Amino acid sequence: MAVLSLFILLAGALFLGLAIAWAPDKSVDDLKQKWAPAPSKFIDVHGLQVHVRDEGLADDPVPVMLIHGTSSSLHTWEPWVKALKEQRRVITMDLPGFGLTGPNQENDYSTTAYVRFILDLMDSLHLSKVVLGGNSLGGEIAWEVAAAAPARVDKLILVDAAGYAFTPKSIPVGFQIARMPMMSWVMDHCLPRSMVESSVKNVYARPEKVTPALVDRYEAMMLREGNRPALRQRISQLAIGDHAELIKTIRVPTLILWGGKDQLIPPENAEWFQRDIANSKLIMFDELGHVPQEENPVVTVAAVRIFLQ
């Protein structure tokens with residue numbers, strides 16, 4: 001009887017835990033009103049409805065295009081866009097598998113597929129050349145576009161960019177769970193807010209700066225229909241450092257911004273980018289983490305404005 005009682009208690013605790021954390025998918029229509037107000041729009045890129053914001057000077061001959069990182073969205077760039085759009089045209093988007101764009105039909109989230117996506121998006125927007133910037137995964141996509149299609153990239157802005165093989169000092173718990181195939185059912189149906197909050201705080205040097213509103217946004221983007229399976233697919237398709245030899249082929253002016261307290265992609269990676277990209281400048285923000293454009297947009301965008309001049 002004691003064993004049976006223990007089993008019942010454990011089963012009850014598990015059921016209660018699942019009930020508390022239960023978080024079904026939300027449709028794009030459910031999320032649009034709050035997370036895609038004007039100037040957001042959805043444009044067709046080879047059958048995928050891509051969430052895009054196109055702001056600032058419409059006649060800018062070389063717009064600035066910014067690419068977010070894993071499990072993020074175009075909202076990460078809002079403070080930068082606000083600071084830049086008076087002088088430049090600034091374009092942000094949600095990558096396939098993330099934000100309100102959601103999964104692609106091919107379930108292909110390789111960096112090669114993302115490079116093709118950015119070039120296709122540029123074609124859809126009739127952009128011949130851009131200043132291309134990105135954070136983390138977005139930074140990796142940006143420099144790979146510059147390597148694959150150098151005539152279409154005027155300048156590069158790499159913010160704590162992926163590219164080299166590295167060993168993280170700390171990995172957000174959400175990414176850790178996404179790497180466990182046996183947790184796929186739980187992940188697809190449950191999303192404890194505490195896990196989202198912990199994951200966001202993990203990429204900040206000062207966790208106290210993570211507000212409830214910020215957690216709301218990351219949580220909403222994870223709940224977008226199809227994004228949780230897409231994250232698992234993305235992580236299973238990671239090929240960290242496989243294309244690093246291409247970095248040395250980049251010749252465009254490059255600004256490298258890095259958080260000195262980045263626990264995910266160590267700061268020495270910034271020095272490797274500076275070493276391998278001939279025409280590059282590195283600025284290290286000693287007190288910031290993996291997403292410095294969010295953690296301190298004022299000081300980081302100031303460096304960008306000088307670079308763009």
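What you see is a predicted model; the values in this text were computed from it and never measured. Residue indices begin from 1 for each chain and proceed along its sequence in written order. Local features in this predicted model are restricted to residues of pLDDT 70 or higher, and side-chain atom pairs are both shown and tallied only at a pLDDT of 80 or more, whereas totals for entire chains, interfaces and linings draw on every residue. The basis for every side-chain value is the complete set of heavy atoms in the structure, and neither hydrogens nor water enter the calculation.

**As for the sheet that holds strand β5 (residues 130-135)**
Thinking step 1. A sheet is described by the order of its strands in space; here 8 strands give the open sequence β1-β2-β4-β3-β5-β6-β7-β8, paired in mixed fashion. The sheet is open, and its two edges are formed by β1 (40-45) and β8 (280-285), each paired on a single side. Here the average twist between neighbouring strands, direction ignored, is 25°.
Thinking step 2. Where strand β3 (residues 64-67) lies against strand β4 (residues 89-93), 4 bridges are found, and the strand directions are parallel. Residue pairing across strands places L66 opposite T92, the latter belonging to β4.
Thinking step 3. Only heavy atoms enter the contact rule, under which two residues are in contact if any of them lie within 4.5 Å. With axes taken as lines fitted to C-alpha atoms, and helix axes fitted only over the stretch in contact, angles between N-to-C directions fall between 0 and 180 degrees. Under the scheme used here, helices are H or I runs from DSSP no shorter than 4 residues and strands are E runs no shorter than 2 residues, and both carry numbers assigned from the N terminus. Packed on one face of the sheet, helix α4 (residues 111-124) meets β1, β2 (48-56), β3, β4 and β5 and runs near 105° to β1. At least two bridges found by DSSP between two strands is the condition for calling them paired.

**With respect to the confidence of the model for the chain**
Thinking step 1. Scored from 0 to 100, pLDDT records how confident the predictor is in each individual residue. Summarising the model, the chain shows a mean pLDDT of 90, and 89% of its residues fall at 70 or more.
Thinking step 2. Note on residues 1-20: pLDDT is under 50 here. Beyond four places in sequence and across chains, it has 1 contact.

**Some details on the layout of surface pockets**
A water-sized probe, rolled over the atoms, reveals where empty space remains.
Thinking step 1. Site definitions follow a grid-based scheme: protein atoms alone, a 1 Å grid, a 1.4 Å probe that fits but cannot get out for cavities, and for pockets an open set with protein on both sides within 12 Å along at least five of seven lines, plus lining residues having an atom within 4 Å of a point. Grid points are joined across faces, edges and corners, and a volume is the space filled by probe spheres set on the points. As a volume, the second largest pocket reaches approximately 340 Å³.
Thinking step 2. In terms of lining residues, the second largest pocket is bounded by 15 residues, among which V45, H46, L48, N104 and E106 are the most central.
Thinking step 3. Considering each element in turn, the lining of the second largest pocket owes the most residues, 5 residues, to α4.
Thinking step 4. The residue classification treats Ala, Val, Leu, Ile, Met, Phe, Trp, Tyr, Cys and Pro as nonpolar and Asp, Glu, Lys and Arg as charged. All others, Gly included, are polar. Looking at the lining of the second largest pocket residue by residue, the class counts come to 7 nonpolar, 4 polar and 4 charged.

**Side note on the pairing of strand β7 (residues 254-259)**
Each regular strand carries side chains that alternate between the two faces of the sheet.
Thinking step 1. The buried label applies to any residue whose accessible area, calculated with a 1.4 Å probe on protein chains only, is under 20% of its type's maximum; exposed applies above 50%, and partly exposed to all values in between. Among the 6 residues that make up β7, 6 are buried, leaving the element largely enclosed by the rest of the structure.
Thinking step 2. Alternating positions in β7 separate into two faces, T254, I256 and W258 on one and L255, L257 and G259 on the other, with burial throughout.
Thinking step 3. The pairing of β7 with β8 spans 6 bridges and is parallel. By the bridge assignment for β8, G259 is matched with F285.

**What to know about the pattern of salt bridges**
Thinking step 1. Counted as salt bridges are all cases of a side-chain nitrogen of Lys or Arg within 4 Å of a carboxyl oxygen of Asp or Glu. Evaluated as defined, the whole model comprises 15 salt bridges.
Thinking step 2. As a salt-bridge pair, D108 and R116 come within 3.9 Å of each other at their nearest N and O atoms.
Thinking step 3. The residue R193 makes a salt bridge to D216 at a minimum N-O spacing of 2.8 Å. With R193 in helix α8 (residues 193-202) and D216 in helix α9 (residues 212-223), the pair connects residues that are 23 residues apart, well separated along the chain.
Thinking step 4. Several salt bridges converge on common partners, so that one network encompasses R193, D216 and E219.

**Notes on the packing of α4 against helix α5 (residues 137-148)**
Between two packed helices, both the angle of their axes relative to each other and the distance between the axes serve to describe the pair.
Thinking step 1. The interhelical angle for the contact between α4 and α5, taken along N-to-C directions, is 70°, at an axis separation of 9 Å. As judged from the angle between their axes, α4 and α5 are roughly perpendicular. Facing T111, Y114, V115, I118 and L119 of α4, the residues of α5 in contact are L137, E140, I141, E144, V145 and A148.
Thinking step 2. Grouping the amino acids of the contact of α4 with α5 by side-chain chemistry returns 8 nonpolar, 1 polar and 2 charged. An angle below 35 degrees is read as roughly parallel, one above 145 as roughly antiparallel, one from 65 to 115 as roughly perpendicular, and any other as oblique.

**Focus on the packing of α9 against helix α10 (residues 227-236)**
Thinking step 1. At a closest axis distance of 7 Å, the pairing of α9 and α10 adopts a crossing angle of 85°. The angle between α9 and α10 falls in the class roughly perpendicular. Each of M221, M222 and L223 in α9 lies in contact with α10, whose residues at this interface are N227, R228 and L231.
Thinking step 2. Split into classes, the residues belonging to the contact of α9 with α10 amount to 4 nonpolar, 1 polar and 1 charged.

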